[in-house]
Protein chains: 2
Amino acid sequence: MGLQLDGLDALLSPKSIAVLGASADPSKIGGRPLTYLRANGFAGEIYPINPRHAQIQGMTAYASIQDVPDAIDLALVSVPGPAVVDSVRACADRGVRVATIFSAGFAETSPDGAGAQEEIAGISRDSGMRVLGPNCLGSANRRAGVSASFAASEGRPRPEGNLDGVALVSQSGAIAAYCVLAGLDRGISFDPWISTGNECDIQLADCLAHLALDDDVRVVAAYLEGCRDGDGLREALALAHERGKPVILLKSGRSTVGARAAASHTASMVGSAETYEALMRQYNVCVADSLDDLMDLSYGIGFGPVPSGSRTGLVTSSGGVGILMADVAESVALDVPPLPETAQLALREVWPSAGVENPIDTTAQLVNDQRLLAQFLVTALGQGGFDSMIVFLSYIGLIPSWSHAAVDALREARAAFPESQISLAMLTTPEVRASIESMGIRVFDDPTTAVRVMGRSVANRQGFQSPAAPPPTTVASSSTITGSGTLSEVDSAAVLSAAGVPVAPGVHVHSAEEAARAAADFGSAVVVKVVSQDLPHKSEAGGVRLDVTTPEAAARAYDEVTRAAARYAPDARLDGALVSPMLTGGLETILGVVSDPVFGPVVMFGLGGVYVEVLRDASYRLAPFTVTEATSMIQEIRGYGLLSGARGKPARDVASLATALSRLSVFADEHRHDLDSIDLNPFLVMPEGAGSVAVDALVVRRSMDETSRPSADD
Amino acid sequence: MGLQLDGLDALLSPKSIAVLGASADPSKIGGRPLTYLRANGFAGEIYPINPRHAQIQGMTAYASIQDVPDAIDLALVSVPGPAVVDSVRACADRGVRVATIFSAGFAETSPDGAGAQEEIAGISRDSGMRVLGPNCLGSANRRAGVSASFAASEGRPRPEGNLDGVALVSQSGAIAAYCVLAGLDRGISFDPWISTGNECDIQLADCLAHLALDDDVRVVAAYLEGCRDGDGLREALALAHERGKPVILLKSGRSTVGARAAASHTASMVGSAETYEALMRQYNVCVADSLDDLMDLSYGIGFGPVPSGSRTGLVTSSGGVGILMADVAESVALDVPPLPETAQLALREVWPSAGVENPIDTTAQLVNDQRLLAQFLVTALGQGGFDSMIVFLSYIGLIPSWSHAAVDALREARAAFPESQISLAMLTTPEVRASIESMGIRVFDDPTTAVRVMGRSVANRQGFQSPAAPPPTTVASSSTITGSGTLSEVDSAAVLSAAGVPVAPGVHVHSAEEAARAAADFGSAVVVKVVSQDLPHKSEAGGVRLDVTTPEAAARAYDEVTRAAARYAPDARLDGALVSPMLTGGLETILGVVSDPVFGPVVMFGLGGVYVEVLRDASYRLAPFTVTEATSMIQEIRGYGLLSGARGKPARDVASLATALSRLSVFADEHRHDLDSIDLNPFLVMPEGAGSVAVDALVVRRSMDETSRPSADD
C-alpha cells in the first residue's frame with residue numbers, strides 16, 4: 001500500500017464544500033457544519049444538499065449533488081446509514097475530490113456494515129475520490145476557516161494568544177474533540193485536526209505525512225489504536241523525521257498484548273506492544289501515556305524552540321519543590337549542574353538565606369523583596385551556562401500584588417536574555433498566564449510536569465540528531481532462502497553466514513568415520529549434533545554431545561546422536577551430523593527475528609536463558625537497522641552491565657554483537673516475504689576484541705498458507 | 001525519641017491565640033493572621049502583641065506577652081530573627097502551650113542560626129511548651145476558624161461542597177500552601193493543614209499521629225523531605241494503619257540516593273530511597289509521585305468509601321478512550337471483566353452499534369438518544385457484578401443541553417444504586433461538577449487519571465486487610481551478640497542458627513586430623529574453609545577448598561587453606577578451619593541486613609550474583625517483619641519466576657526462605673543497638689519441601705565509634 005497523499009489538500013483547504021443531509025436545525029449533525037463554517041469565516045462556496053428545502057440556514061440548497069453548478073472539493077456526508085453508499089457514489093460521479101462520512105454503522109457494527117464499507121472503499125479506488133471515515137468526526141483547518149465537522153469544538157472561538165502550529169490526527173473522533181476542547185483552556189489551539197474513523201481509505205499515516213509536509217505545522221500530535229499498513233506508517237514517520245518535525249503519539253491497546261500463535265520460541269515473547277515501542281524508538285516518536293500527557297507534551301514541544309542541551313537551572317521559591325523538581329529532572333535525563341562559585345557568592349550577597357547551588361531557592365523572601373527574583377533570574381541566566389531554566393513560583397500568580405512583581409521580574413530577565421529557554425510553573429489566572437506566555441515563556445501549573453515536559457522535549461530534539469531508521473525494503477530481494485519450512489541447522493548456518501552473521505563453523509558429516517576425521521581436523525574438543533530439519537529441539541531428542549575430546553569419541557558420538565534421534569522421532573528425516581568446535585568463554589545472548597503481520601520482521605535481543613524468559617529483559621527493533629541503532633538496542637536492556645564489564649566482569653565484544661544484529665536485520669528485511677522467524681540461541685559474545693558467534697541457528701520460512709495471506713508488503 | 005502528641009490539640013483547636021510581632025498592616029506577615037482569624041470566624045480570644053501600639057486592627061494590643069491577662073494556648077511568633085529566642089522564652093515563661101515560629105534564618109541558613117534553633121529546642125524541652133517551626137508557615141483548622149498562618153490560602157473562602165476530612169501535613173510551607181490553594185479549585189479543602197518547617201520540636205510524625213487519631217479526619221496527605229526519628233514515624237504510620245486511616249505520602253529526595261559509606265557488600269546497595277520504599281510498603285502508605293498526584297489521590301481516596309474489590313466496569317462514549325482506560329486499569333491491577341451475556345444482549349438491543357462487553361461503549365449515540373446513557377448505566381450497575389464503575393463522557397459537561405441529560409441519567413442510576421462506587425471523567429463547568437459530586441460521584445477531567453486513582457484507592461484499601469508491620473523493638477534485647485567487629489564464620493553461623501536462620505552445619509576443627517575425622521563423619525563431599533574474623537573474603541585469600549571427597553583430601557585441604565591464609569594476611573588471627581558438607585542443587589539467593597541511621601536494620605533479599613549486582617533486582621523491608629510480609633518481599637522481585645518454577649524450572653522452597661527472612665529480621669531488630677550488617681551469600685533455596693540454607697554467613701557488629709553515635713533508638 002504505502003502513503004497516498006492525493007486529495008488531502010482538498011480536505012484541509014477546500015475551495016468549496018457540499019453538505020449532504022444538510023439540516024436547517026443548527027444543533028443537528030447535518031446542520032452544525034453549515035453554522036460553524038460561516039461563523040469561522042470560511043470564504044469558499046457552501047452547498048447545502050437537501051431535496052426537501054430550497055433554502056437552508058439562509059443559503060440556497062440543492063436537491064442533489066448533481067445540481068451543484070460548480071466544482072466541489074469536499075463533500076460532508078451526513079445521511080442515514082442506508083443512503084450513504086449511494087451518496088458516496090453520487091459524490092464520485094460528480095467529481096468531488098474528498099468525501100468525509102460522518103455516518104456510523106459500518107465495519108464497527110456488523111458484517112453488513114463491513115460490506116457497505118468495502119463498497120465505499122471500492123468506489124474510492126475506482127474513482128480516485130478520497131474518503132475520510134466512515135464513522136468519523138471530520139476535520140478542521142481554522143486557519144482557512146474550515147470546520148468540516150460536527151464537533152462542538154468548532155462552535156468555540158480560539159482564544160487569542162493560544163498556541164498554534166500544533167496539528168492533531170486521531171483515529172477516534174471523541175478523543176480528537178476532547179483534546180481540541182480541553183486544549184483551548186490549556187493554551188493550545190490544535191489546528192488542523194483530523195479524525196480518521198474507520199479508515200476505509202484515508203489512513204492516519206496519510207494525514208501524518210501530509211501534516212509533516214505542511215510548513216505551518218510545527219508539531220503533530222496523534223492518537224493511534226492500530227494500523228493495517230505498517231509500511232505506510234513507517235514512511236510517514238520517516239518523512240516527519242527527515243523534516244525534523246516532532247510527532248507526539250498516544251497509542252492505546254498496550255494491555256491486549258500479543259496472543260499471536262507463533263511457532264518459534266522467540267515469537268512467544270514479541271507482542272505488538274513491543275513492536276510499536278520499537279517503531280517509536282526508531283523514528284524518534286515522543287510517546288505520550290495519557291490524554292493529559294499528550295496535551296502537556298504538545299504544549300511544551302509546540303510552544304517554540306526546544307533546548308538542544310540538557311543542562312537546566314531550577315529556580316524556586318521553595319526548597320522542597322526544588323528537591324521534587326531535581327528528582328524528576330534526573331528521571332528525564334536533565335542535568336542540574338551547580339552555579340559557578342562566583343554566581344553563588346553574588347546570590348548569597350543578595351539574600352544570605354537563599355539556596356544558591358542548583359536548585360536555586362529564593363525562599364519566600366521574594367515576596368518581601370521585589371528586586372530579588374529579577375536578580376536571581378538574571379544571575380542564573382547570565383552565569384549558569386544552562387540550556388534551559390525552569391522556575392517555580394508557587395501560587396504567586398493568584399495574588400495580584402505579588403504577580404505584578406513576578407511578571408516584571410520575568411520581563412526584565414527576558415529582556416536581558418531574549419533567547420533563553422524558560423518554563424514557569426505557577427498557579428495563575430488566565431490573564432497573568434497569557435502575559436507570561438507572550439514573553440515566550442511556557443506556563444504550567446504543576447512544577448514536576450514542567451520539568452518532565454522539558455526533559456522529554458530535549459530528548460526529542462536530541463533524537464533528531466541521529467538519522468531515522470532506513471525505510472523497509474519495499475522491493476523484495478530477488479534471492480530467496482533455500483529450502484522450505486524449518487531449515488536444518490546446516491542450511492540455517494549457511495544462509496546466515498552468507499549474510500555476514502557469524503555462526504560457529506561446522507563440518508556436515510554423514511558417517512562415524514567422517515565425524516572422527518572432522519574432530520581430528522579441528523584438533524580441539526568438539527560438539528556433535530544430529531542434523532534434521534524435522535528436529536528443531538535436538539537436545540531433547542538426545543541428538544547433541546558436548547565436549548567430545550578425541551576422534552574416537554567423535555565417531556562414537558555420531559552413532560549415539562543419530563540413533564537417539566531416530567528413536568526419539570522415528571519419522572524425522574535425518575541428514576547426518578554437524579561437528580563443530582566446542583566454544584567456551586562467551587556470554588550467552590539470544591538474537592531472534594519474528595515476522596509481525598503489520599510491520600514485517602522484528603529483531604529481538606536479550607541475554608540468554610532466564611534473563612529473557614523470566615525477567616523479560618529484551619529489546620526490539622524493526623528491520624532493517626544500522627549498527628548504531630543496534631548498539632542502542634544492546635545498551636537498552638537492564639542487564640547491559642554484563643556486557644559492558646560492570647562489577648569486575650570482563651567487557652564483551654559489543655561491537656561485533658551490534659554488527660551481527662544489524663546484519664541479521666538486513667537479512668530479515670531482504671527476506672521479509674518468505675521469512676517466518678530466526679532464532680540464534682545461544683549467541684556467544686566473547687571478551688572485547690574476540691568477536692561473537694552463534695552456536696545454534698534456526699531459520700524458519702513461512703509456510704505456503706502464510707505467504708499467501710495479505711501482508712504489509714502486498 | 002518516639003511520638004510526642006502533647007499540645008497538638010492546642011495547636012489545632014486553641015481557645016486563645018497571641019500574635020507576637022502583630023502588625024496593623026493586613027498584608028504583613030504579622031498582620032495577616034489577625035485578619036484571617038477574624039474573617040474565618042475564630043471564636044476564641046486574640047491577643048496582638050506589639051509594644052508600639054495600643055490597638056491593632058481594632059483589637060486591644062499588649063506591649064508584652066506577660067501583659068496578657070488570660071491563659072494562652074497558641075502563640076504565633078512573627079518577630080525579626082534576633083528577637084525570636086527571647087520571644088520564645090517569654091512565651092514559655094508565660095505558660096503558652098504551643099509556639100509557632102514563622103521567622104526564618106535558623107538551621108536552614110547558618111551555623112549561628114542552627115545554634116539559635118538548638119536554644120529554642122532547649123527551651124521547649126525544659127518548659128514542656130511545644131514549638132512548631134521555626135521557618136514554617138504555621139497551620140490552620142478551619143473547622144474551628146483557626147488560621148494560624150500567614151499563607152494566602154487563609155484569605156480564601158472554602159467553596160461550598162468541596163471535599164473535607166482530608167488533612168495535610170508538610171515539611172515545606174510552600175508545598176502546603178500550594179496544595180491548599182490548588183486544592184480549592186480541584187474540589188478539596190485540605191483541613192486541618194500543618195507545615196512543620198525546621199522541626200526543632202514538633203515533627204511531621206507527631207502531626208500525622210495526631211491527625212490519625214482525629215475522627216473527623218478520614219485521610220492524611222503528607223509531604224516529607226527527610227526524617228530524623230525513624231521510630232516516631234513508624235509509630236505514627238502504625239497508628240494510622242491500626243485505625244484504617246489512609247496516608248498519602250509524597251517523598252522528595254529520591255535522586256540523592258545513598259552515598260553512605262558501608263563496610264559490607266550489601267550495604268552498598270541499600271540507599272535511603274529503598275529504605276523509605278520499604279517503610280511505605282510495610283505500613284500501606286499510598287505513595288504519590290508529584291503534587292498533582294498527591295492532590296488526585298487525596299481527592300479519590302478522601303471522597304468517601306473506596307471499593308474493596310478490583311472488578312471495574314468502564315462505560316464510555318468513545319471506544320478509543322475505553323481502550324486507553326483498560327490499558328491503565330491493567331497497570332493498576334483493576335480487573336475489567338466482561339458483562340454477563342444476558343446484559344450484553346440487553347444493551348445491544350438498546351443500541352446495536354454499542355460496545356457491550358467491557359469497556360462498554362455507548363458511542364456518540366448517547367447525544368441523540370437521551371435514554372441511552374441511563375439504560376446503559378443501570379444495566380451495567382445492576383448486572384455487571386462490578387465493585388466500581390468508571391464513566392467517561394468526554395466534553396459533555398461543557399454543552400448545556402447534553403450535560404442536563406447526562407446529569408439526569410447519572411441521577412437515575414444513582415437512585416437505583418445508592419451504594420455503588422462511581423467515578424466520572426468529563427470536561428465540565430464547576431456547577432455541573434458540583435451537582436454530580438453531590439450525588440457521591442467522583443469527577444475527574446482526564447479518563448486515565450480517573451482509572452489510575454481508582455486502582456490506587458482499591459489497592460490502598462486492600463492493603464489494610466493485612467496487619468501493619470510490628471513496631472520496632474524499642475527496648476533492646478538483653479542478649480548481645482558474642483564477639484565484636486566482624487564475627488568469624490563460626491561465630492556468625494552460631495548466632496544466626498540460634499536465631500532460627502538455617503546455616504549449613506559445620507565442624508570447627510583445629511588440625512588436619514580433626515578435619516579428616518569431620519569429613520569422615522559427614523560421609524559425603526565437604527568444603528574446607530579457614531576460620532578468621534580478620535578475613536571476611538576467604539576465597540580471595542585461598543582459604544577455601546570445595547568438593548573435598550575423602551578424609552585424606554580434607555586433611556590436606558586443612559593444611560593448604562591455613563597456610564594460604566597465613567601467606568595472604570600474615571597478621572590475621574587464624575582459628576582453624578570449618579568443615580561443612582558440600583551443598584548442591586539450590587538456587588543461589590542473597591539475604592542481607594544493613595543498619596539505616598534513621599530506621600535501624602533494613603533487610604534485603606535478591607537472587608545471587610549479577611541479579612542483585614547488575615540488575616539491581618532486590619527488595620527491602622524494615623526489621624522486624626512477619627513471614628507473610630517476607631513472602632510478599634520475595635514475590636516482589638522481577639526474577640521471582642526463578643523461585644516459583646516458571647518456564648519449567650523447579651519450584652523452590654519459598655516457605656522456608658520466607659521463614660528465614662522473617663527470623664533474620666527479628667534477630668536484626670533484637671540486636672539493632674549493636675548490629676552493623678549481616679550478609680548471607682549465597683543462601684541456597686532448595687526445591688520445594690527441601691528447605692533452604694546459608695552457605696556463608698557474616699555478621700558485623702558496630703564498632704565502638706558507631707554505637708556511640710546518635711541513632712534512632714537512643
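Computed from a predicted model, the values in this text were never measured in an experiment.

A short note on the overall build of chain A
- Of the regular secondary structure elements, chain A holds 23 helices and 29 strands.
- Expressed as lengths along the three principal axes of its C-alpha atoms, the size of chain A is roughly 95 × 80 × 30 Å.
- Of the accessible surface of chain A, which amounts to about 26200 Å², a share of 51% is contributed by carbon and sulfur atoms.

Digging into the packing of helix α20 (residues 627-635) of chain B against helix α22 (residues 654-670) of chain B
Residues and elements named next belong to chain B.
- Running from N to C, α20 and α22 cross one another at 115°; their axes reach a closest spacing of 8 Å. Note that α20 runs across α22; the crossing there is right-handed. The segment α20 lies against α22, with V627, A630, T631, M633 and I634 engaging V654, L657, A658, T659, L661 and S662.
- Partitioned by chemical class, the residues of the contact of α20 with α22 number eight nonpolar, three polar and no charged.

Thoughts on the relation of the copies chain B and chain A
- Mapping chain B onto chain A leaves a residual RMSD of 0.1 Å; the transformation is a rotation of 180° accompanied by 0.1 Å of translation along its axis. Taken together, these values place the two copies in the relation of a two-fold axis. By C-alpha distance to the rotation axis, the residue of chain B lying nearest is Y611(B), at 4.6 Å.
- When the interface residues of chain B are mapped onto chain A, 100% of them again fall at the interface, so both copies present the same face.

Focus: the interface of chain B and chain A
- Contacts between the two partners involve 65 residues from chain B and, on the opposite side, 65 residues from chain A.
- Here chain B meets chain A over a buried area of about 5100 Å², counting both sides, of which 62% is carbon and sulfur.
- Among the residues of chain B in contact with chain A, Y178(B), L324(B) and R647(B) are the three that bury the most area, contributing 13% of the side total.
- Taken together, the links from chain B to chain A amount to zero salt bridges.
- There are 10 residue pairs in polar contact (both at pLDDT 80 or more) connecting chain B and chain A.
- Elements supplying a minimum of two residues to the side of chain B that touches chain A: α5 (173-185), β13 (247-251), α9 (291-302), α10 (319-331), α15 (447-463), α19 (610-613) and α21 (641-644) of chain B.
- Broken down by element, the side of chain B that touches chain A gets its largest block of residues, eight residues, from α10(B).
- Split by residue class, the side of chain B that touches chain A holds 31 nonpolar, 18 polar and 16 charged.

Observations regarding the pairing of β13(B)
All names here are of chain B.
- In terms of residue burial, β13 counts as a mostly covered element, since five of its five residues are buried.
- Burial of the side chains of β13 extends over both faces: V247, L249 and K251 are buried on one face and I248 and L250 on the other.
- Strand direction decides the pairing type here: strand β12 (residues 219-224) and β13, joined by five bridges, are parallel. Counted as the bridge partner of L224 is K251 from β13.

With respect to the packing of aromatic side chains
Residues and elements named next belong to chain A.
- With the rule as written, the count across this model stands at 14 aromatic pairs over all chains.
- For the pair Y47 and Y62, a centre-to-centre distance of 5.8 Å together with 75° between the ring planes defines the contact as edge-to-face. With Y47 in strand β2 (residues 45-49) and Y62 in the loop between β4 (59-60) and β5 (74-77), this pair connects stretches of sequence that are 15 residues apart.
- The exposure class of Y47 is buried, given its relative accessible area of 3%.
- Owing to a relative accessible area of 18%, Y62 belongs among the buried residues under this scheme.
- Both rings, one in Y276 and one in F599, keep their centres 5.2 Å apart while their planes meet at 85°; by these two values the pair is edge-to-face. Remark: F599 occurs in the loop between β24 (587-596) and β25 (600-607) and Y276 occurs in helix α8 (residues 272-282); sequence separation between them is 323 residues. Considered together, Y276 and F599 belong to a single accessibility category, that of buried residues.
- Taken together, the ring pairs connect Y299, F303 and F444 into an aromatic cluster.
- Seen from the ring of Y276, K251 lies directly overhead, with NZ or CZ sitting 4.4 Å from the centre.

As for the pairing of strand β29 (residues 697-701) of chain A
All names here are of chain A.
- Along β29, five of the five residues are buried, which leaves the element largely enclosed by surrounding structure.
- Burial of the side chains of β29 extends over both faces: A697, V699 and R701 are buried on one face and L698 and V700 on the other.
- Pairing of strand β27 (residues 675-685) with β29, which is carried by five bridges, proceeds in the antiparallel orientation. Note that in β29 the partner of L675 across the bridge is R701.

Structural notes on the sheet that holds strand β1 (residues 16-20) of chain A
Residues and elements named next belong to chain A.
- Read across the open sheet, the five strands follow the order β2-β1-β5-β6-β7; overall the sheet is parallel. Of all the strands in the sheet, the pair left with one neighbour each is β2 and β7 (130-132). Strand-to-strand twist in this sheet, taken as the mean axis angle between neighbours without regard to direction, amounts to 20°.
- Two elements, β5 and strand β6 (residues 98-101), share four bridges in a ladder whose sense is parallel. In the strand pairing of β6, L74 is matched with V98.

Quick look at helix α20 (residues 627-635) of chain A
Residue and element names in this part refer to chain A.
- Turning to α20, its buried residues are E629, A630, M633 and I634. Taken end-on, α20 shows its buried residues confined to a sector of 145°, consistent with a single buried face.
- Residues of α20 that are buried sit in contact with α8, β25, β26 (618-622), α21 (641-644) and α22 (654-670).

Quick notes on the confidence of the model for chain A
Residue and element names in this part refer to chain A.
- Scored by pLDDT, chain A has a mean of 90; 94% of the residues are at 70 or more.
- This stretch, residues 256-271, has a pLDDT under 50; its non-local contacts, to residues over four places away or in other chains, come to 35 contacts.
- Contacts from residues 706-714, a stretch scored under 50 in pLDDT, to residues over four places away or in other chains number 17 contacts.
- Confidence estimates for the predicted assembly give a pTM of 0.91 and an ipTM of 0.89.

Here we look at helix α2 (residues 32-39) of chain A
- Considered for burial, the residues of α2(A) that qualify are R32(A), P33(A), L34(A), Y36(A) and L37(A).
- A positive phi of about 80° marks G41(A), the residue just after α2(A).

Section: the side chain of D446(B)
- With respect to the helices and strands, the residue D446(B) is situated in the loop between β19 (442-444) and α15.
- Buried charged residue D446(B) carries no salt bridge. Nearest counter-charge: R186(A), at 6.2 Å.
- Reaching out from D446(B), the side chain makes a polar contact with the side chain of T448(B) at a distance of 2.6 Å.

Points about the sheet that holds strand β13 (residues 247-251) of chain A
Residue and element names in this part refer to chain A.
- With mixed pairing, seven strands are arranged side by side in an open sheet as β9-β8-β11-β10-β12-β13-β14. Two strands lie at the open edges of the sheet, namely β9 (146-149) and β14 (286-288), each paired on one side alone. Geometrically, the sheet is characterised by an average inter-axis angle of 15° between neighbouring strands, direction not taken into account.
- When strand β10 (residues 166-170) meets strand β12 (residues 219-224), the two strands line up parallel, connected through five bridges. For L168, the partnering residue across the bridge sits in β12 and is A221.
- Sheet contacts for helix α5 (residues 173-185): β10, β11 (193-195) and β12; angle to β10, the most-contacted strand, approximately 155°.

Observations regarding the packing of helix α10 (residues 319-331) of chain A against helix α15 (residues 447-463) of chain A
All names here are of chain A.
- Relative orientation of the contacting elements α10 and α15 amounts to 25°, with a least axis distance of 9 Å. Regarding the angle of α10 to α15, the classification is roughly parallel. As α10 packs across α15, the resulting crossing turns out to be right-handed. For the pair α10 and α15, the contacting residues are V321, L324, M325, V328 and A329 in the first and P447, T448, V451 and R452 in the second.
- Looking at the contact of α10 with α15, its residues break down into seven nonpolar, one polar and one charged.

Structural notes on the pattern of salt bridges
- Scanning the model with the defined rule gives 64 salt bridges over all chains in all.
- Of the charged contacts in the structure, one is a salt bridge between R452(A) and D293(A), with a shortest N-O distance of 2.9 Å. Remark: D293(A) occurs in helix α9 (residues 291-302) and R452(A) occurs in helix α15; sequence separation between them is 159 residues.
- The residue R125(B) makes a salt bridge to E118(B) at a minimum N-O spacing of 3.3 Å.
- Under the relative-accessibility criterion, E118(B) is labelled partly exposed at 45%.
- Counted as one network, the salt bridges with shared partners bring together E277(A), R281(A), R621(A), E629(A) and E636(A).

Definitions and cut-offs
- Residues numbered from 1 in each chain as written.
- Chains lettered and ligands numbered in written order.
- Predicted model: local features only at pLDDT ≥ 70, side-chain atom pairs only at ≥ 80, totals over all residues.
- Heavy atoms only, no water.
- Helix = DSSP H or I, 4+ residues; strand = E, 2+ residues; numbered from the N terminus.
- Areas by Shrake-Rupley, 256 points an atom, 1.4 Å probe, with all protein chains shown as cover.
- Axes fitted to C-alpha atoms, helices over the stretch in contact; angles between N-to-C directions.
- Left-handed = near helix turned anticlockwise from the far one by under 90°.
- Contact = heavy atoms within 4.5 Å.
- Nonpolar A, V, L, I, M, F, W, Y, C, P; charged D, E, K, R; others polar.
- Least-squares fit on C-alpha atoms with pLDDT ≥ 70 in both.
- Buried area = accessible area lost by both parts, 1.4 Å probe.
- Salt bridge = Lys/Arg side-chain N within 4 Å of Asp/Glu carboxyl O.
- Polar contact = N/O pair within 3.5 Å; in protein donor to acceptor, adjacent residues only side chain to side chain.
- Buried < 20%, exposed > 50% of the residue type's maximum accessible area, 1.4 Å probe, protein only.
- Pairing = 2+ DSSP bridges.
- Phe/Tyr/Trp six-rings, centres within 6.5 Å; stacked < 30°, edge-to-face > 60°.
- Lys NZ or Arg CZ within 6 Å of the ring centre and 35° of its normal.
- Arc of directions from axis to C-beta.
- pLDDT = per-residue confidence, 0-100.
- Lys, Arg positive; Asp, Glu negative; His and termini not counted.
- Parallel < 35°, antiparallel > 145°, perpendicular 65-115°, else oblique.

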